Amino acid sequence: MLGRDKKNAANSGGAAQQDYRNHTLIAPSATVKGDLEFTGGLHVQGTVEGNISVGKEGGRLIIGETGTVKGEIQVPQVVINGRVEGDVHATENLELAEKASVEGNVYYLMIEMVMGARVNGKLVRLDDERRNLPAPEKKGEKADAGKQVAADNS
């Protein structure tokens, strides 16, 4: 009985449960030109030339190995194993698989990055507390600063 209760509790969760009737596939031979807004699941194996966003009900975007997106992505849950040319905004979680290639900034709350994935841009964690960290010093600046301190002390 305990196992059955857990199973029923897991299946009754609204957002956690996947509704496979509400999934869209963009086939490898397809090219979509224009912005897309979806709910449920969107699996991109082809090419999308435009921005991708999610509706009020939420959703999950999967970019397959042959998939390419040329535009900005604003989806809470994103899995990338293809190519993205634009910024990625994943407000819940982001998975960058082995063949992922992102040319743009990545904004995430939680991230999983597998060895082989590439990001050519900034990785920015979305959190409530923003920290202003100092810029990294250039190689020559630290040595010059040490010489200046020594000169001031003499």
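The model shown is predicted, which means the values in this text are computed figures rather than measured ones. (Residues numbered from 1 in each chain as written. Predicted model: local features only at pLDDT ≥ 70, side-chain atom pairs only at ≥ 80, totals over all residues. Heavy atoms only, no water.)

Participant: How would you summarise the side chain of S101 if you had to cite specific residues and measurements?
Facilitator: In this fold, S101 is placed in strand β11 (residues 101–103). A residue is classified by how much of its surface remains accessible, and S101, at 7% relative accessible area, is buried. Separated by 3.2 Å, the side chains of S101 and R118 make a polar contact. S101 has contacts with G82, R83, V84 and R118, leaving out every residue within four places of it along the chain. (Helix = DSSP H or I, 4+ residues; strand = E, 2+ residues; numbered from the N terminus. Buried < 20%, exposed > 50% of the residue type's maximum accessible area, 1.4 Å probe, protein only. Polar contact = N/O pair within 3.5 Å; in protein donor to acceptor, adjacent residues only side chain to side chain. Contact = heavy atoms within 4.5 Å.)

Participant: If you had to explain the nonpolar core to someone new, which residues and values would you point to?
Facilitator: What tends to happen in soluble globular proteins is that the nonpolar side chains get buried as a cluster. Judged by nonpolar contacts, the single largest core of 24 residues is most densely connected at L61, I73, I80 and L94. At the level of elements, β3 (36–44), β5 (52–63), β8 (77–80), β10 (88–96) and β12 (106–113) are the ones that each hand at least two residues to this core. Excluding residues that lie within four positions of it along the chain, I80 makes contacts with I63, V88, L94, E95, L96, A97, A100 and V102. (Core = buried A, V, L, I, M, F, W, Y, C linked by side-chain atoms within 4.5 Å.)

Participant: Help me get a handle on the pairing of β3, residues and values and all.
Facilitator: As paired strands, strand β1 (residues 23–26) and β3 are joined by four bridges and run parallel to one another. Bridge pairing in β3 places H23 opposite G41. As paired elements, β3 and β5 share eight bridges and run parallel to each other. Residue L36 lies in a different strand from β5, and its bridge partner there is I52. (Pairing = 2+ DSSP bridges.)

The quantities given are spatial measurements derived from coordinates; they are silent on function.
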